[in-house]
Amino acid sequence: MTATEKRMTLDNVDMLSLLGMNDVNLKLIEDHFSASITVRGENVVIKGVLEEVETIEKILKEMVYVLNTSGRLEKKDVETILDLTLEGKEIVSDKDFDSIILYTKNDAIRAKTPGQTNYIKVASKNDICFAIGPAGTGKTYLAVAMAVASHKKGSVNKIVLARPAVEAGESLGFLPGDIREKIDPYLRPLYDALDDMMPSEKLRGYIEKRIVEIVPLAYMRGRTINNAFVILDEAQNATDVQMKMFLTRLGANSKAIITGDITQIDLPPKTISGLIQAKEILSNIEGVGFAYFDKGDIVRHKLVKDIIDAYEKHKNGS
């Protein structure tokens with residue numbers, strides 16, 4: 001039979017825990033197959049007959065999934081994975097594995113719709129990515145997941161999350177508390193997303209050390225942000241001046257994702273939305289990408305799509 005070779009790069013993986021002390025987990029796999037497995041850092045090369053190579057690839061993906069979702073991988077787990085895979089059963093399919101962005105304690109965050117899959121591709125290929133679409137499509141949540149994954153992998157040193165503090169019906173001056181307490185409600189969705197993706201103690205430590213910053217957009221004026229993953233959320237409520245200010249804050253080895261819904265603009269009448277303007281004037285710049293979502297990408301409660309449909313029909317007079 002013709003020999004084949006498969007190369008894998010295992011991002012966001014503790015290789016020592018994956019392979020086991022003295023490579024005990026790796027040896028368990030090698031005992032079941034004649035194919036060779038070579039590991040150098042996070043890169044794995046499997047050589048052998050096609051069927052064995054594909055089976056070993058599945059086993060390694062299952063091991064990564066179990067390790068990163070449970071936080072541990074013991075010999076008995078590897079034995080179970082071996083048994084299940086050899087019986088033709090899977091914990092995670094190849095398609096699911098390839099769509100995974102970040103592993104959390106209880107699950108894995110992955111693209112679930114074609115629009116989300118395209119979003120991940122556009123964001124990975126460009127230093128600046130605009131994500132535009134209706135509520136509930138995962139624009140912000142996946143952006144935060146990509147930022148956390150990049151930091152976890154060591155690609156960036158910090159994460160900066162920003163939102164315009166647009167007054168929607170209430171003046172900040174009439175809200176109780178100091179400026180931080182007044183602004184926190186605007187930033188709460190970003191805290192909520194981060195809470196889902198890392199332990200609370202670690203998140204608090206990152207915020208205290210300014211490894212993670214969650215700030216109103218106005219606070220970014222005058223800064224140059226290097227070696228960071230920067231997210232601007234609710235960007236439809238940034239003015240044209242604020243959008244230009246934000247985009248020109250980007251420094252060396254930094255990436256930015258800008259999310260927004262151009263159907264939900266809360267700016268005063270005749271004020272230009274920076275997101276709409278950016279869509280018009282930046283679409284042909286190399287390194288700037290655009291990902292668009294529609295109602296088919298909504299992943300919240302099933303009623304969200306129906307609610308959006310109902311409002312659109314009312315707006316159109318039908």
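The present account deals with the structure reproduced in this document. (Residues numbered from 1 in each chain as written. Predicted model: local features only at pLDDT ≥ 70, side-chain atom pairs only at ≥ 80, totals over all residues. Heavy atoms only, no water.)

### Things to note about the overall build of the chain
The secondary structure content of the chain amounts to 12 helices and 11 strands. Within the chain, the fraction of its 318 residues that count as buried is 48%. Looking at the chain alone, contacts between residues at least 24 apart form 72% of all its contacts between residues at least 6 apart. For the chain, the exposed surface amounts to about 17200 Å²; the carbon and sulfur share of it is 50%. (Helix = DSSP H or I, 4+ residues; strand = E, 2+ residues; numbered from the N terminus. Buried < 20%, exposed > 50% of the residue type's maximum accessible area, 1.4 Å probe, protein only. Contact = heavy atoms within 4.5 Å. Areas by Shrake-Rupley, 256 points an atom, 1.4 Å probe, with all protein chains shown as cover.)

### Remarks on the packing of aromatic side chains
Within the structure shown, the criterion is met by 3 aromatic pairs. Centroid distance Tyr 119 to Phe 293: 5.2 Å. Interplanar angle 85°. Geometry classified as edge-to-face. Taken together, the positions of Tyr 119 in helix H6 (residues 114–125) and Phe 293 in the loop between strand E11 (288–292) and helix H12 (302–315) put the pair 174 residues apart, joining distant regions of the chain. Taking the relative accessible area as the measure of exposure, Tyr 119 reaches 0% and is therefore buried. Accessibility expressed as a relative area gives 8% for Phe 293, which makes it buried. Here the aromatic residues Phe 130, Phe 290 and Tyr 292 are joined through ring pairs into a cluster of three or more. (Phe/Tyr/Trp six-rings, centres within 6.5 Å; stacked < 30°, edge-to-face > 60°.)

### A short note on the nonpolar core
Among the nonpolar cores identified, the biggest contains 34 residues, and Tyr 119, Val 148, Leu 194, Met 197, Ile 214 and Ile 257 are the most heavily contacted of them. If you list the elements that add at least two residues to this core, you get strand E4 (100–103), H6, strand E6 (128–132), helix H7 (139–153), strand E7 (158–163), helix H8 (179–197), strand E8 (212–216) and strand E9 (228–232). Ranked by residues supplied to this core, first place goes to H7 with 8 residues. The contacts of Leu 194, once residues within four sequence positions are left out, are Val 144, Val 148, Leu 161, Leu 203, Val 212 and Ile 214. Residues Leu 26, Val 44, Ile 46 and Ile 100 belong to the second largest nonpolar core, which totals 31 residues. (Core = buried A, V, L, I, M, F, W, Y, C linked by side-chain atoms within 4.5 Å.)

### Describing helix H10 (residues 240–247)
Taken together, the buried positions of H10 are Met 243, Met 245, Phe 246 and Leu 247. Buried residues along H10 sit in contact with E6, E9, strand E10 (255–260) and helix H11 (274–281).

### Regarding the sheet that holds strand E2 (residues 36–40)
The strand order E1-E3-E2 describes an open sheet built from 3 strands, whose pairing is antiparallel. Whereas interior strands pair on both sides, the edge strands pair on one side only; in this sheet they are strand E1 (3–9) and E2. Adjacent strand axes in the sheet meet at a mean angle of 15°, parallel and antiparallel pairs treated alike. With 5 bridges joining them, E2 and strand E3 (residues 43–49) adopt antiparallel strand pairing. Note that in E3 the partner of Arg 40 across the bridge is Asn 43. (Pairing = 2+ DSSP bridges. Axes fitted to C-alpha atoms, helices over the stretch in contact; angles between N-to-C directions.)

### Side note on the sheet that holds E6
Taken together, 6 strands build an open sheet; the order of strands is E8-E7-E9-E10-E6-E11 and the sheet is parallel. With one partner strand each, in any of the chains shown, E8 and E11 form the two edges of the open sheet. If you compare each strand with its neighbour and ignore which way they point, the axes differ by 15° on average. Strands E6, E7, E9 and E10 of the sheet are contacted by H7, whose axis makes an angle of about 170° with E9.

### Observations concerning unusual backbone geometry
The backbone of Asp 23 shows a phi angle near 60°, a positive value even though the residue is not glycine. Tracing the chain through its elements places Asp 23 in the loop between helix H1 (15–19) and helix H2 (24–32). The class of Asp 23 is partly exposed, set by a relative accessible area of 32%. Here the phi dihedral of Asn 227 falls at roughly 50°; this positive angle occurs in a residue that is not glycine. Note on placement: Asn 227 falls in the loop between E8 and E9.

### Structural notes on the pattern of salt bridges
Under the definition given, this model contains 12 salt bridges. For the salt bridge of Lys 47 with Glu 5, the shortest nitrogen-to-oxygen distance reads 3.7 Å. You can see Lys 47 sitting in strand E3 and its partner Glu 5 sitting in strand E1, a full 42 residues away along the chain. Relative accessible area serves as the criterion here: at 39%, Glu 5 is assigned to the partly exposed category. Among the charged side chains, a network of salt bridges with common partners joins Lys 158, Arg 210, Glu 213 and Arg 223. (Salt bridge = Lys/Arg side-chain N within 4 Å of Asp/Glu carboxyl O.)

### Notes on the environment of Tyr 292
Relative to the elements of secondary structure, Tyr 292 occurs in strand E11. Residue classification places Tyr 292 among the partly exposed positions, given a relative accessible area of 43%. With 176 residues separating them along the chain, Tyr 292 and Gln 116 place their C-alpha atoms 8.9 Å apart. The contact partners of Tyr 292, leaving out residues within four places of it in the chain, are Ile 132, Lys 279 and Asp 297.

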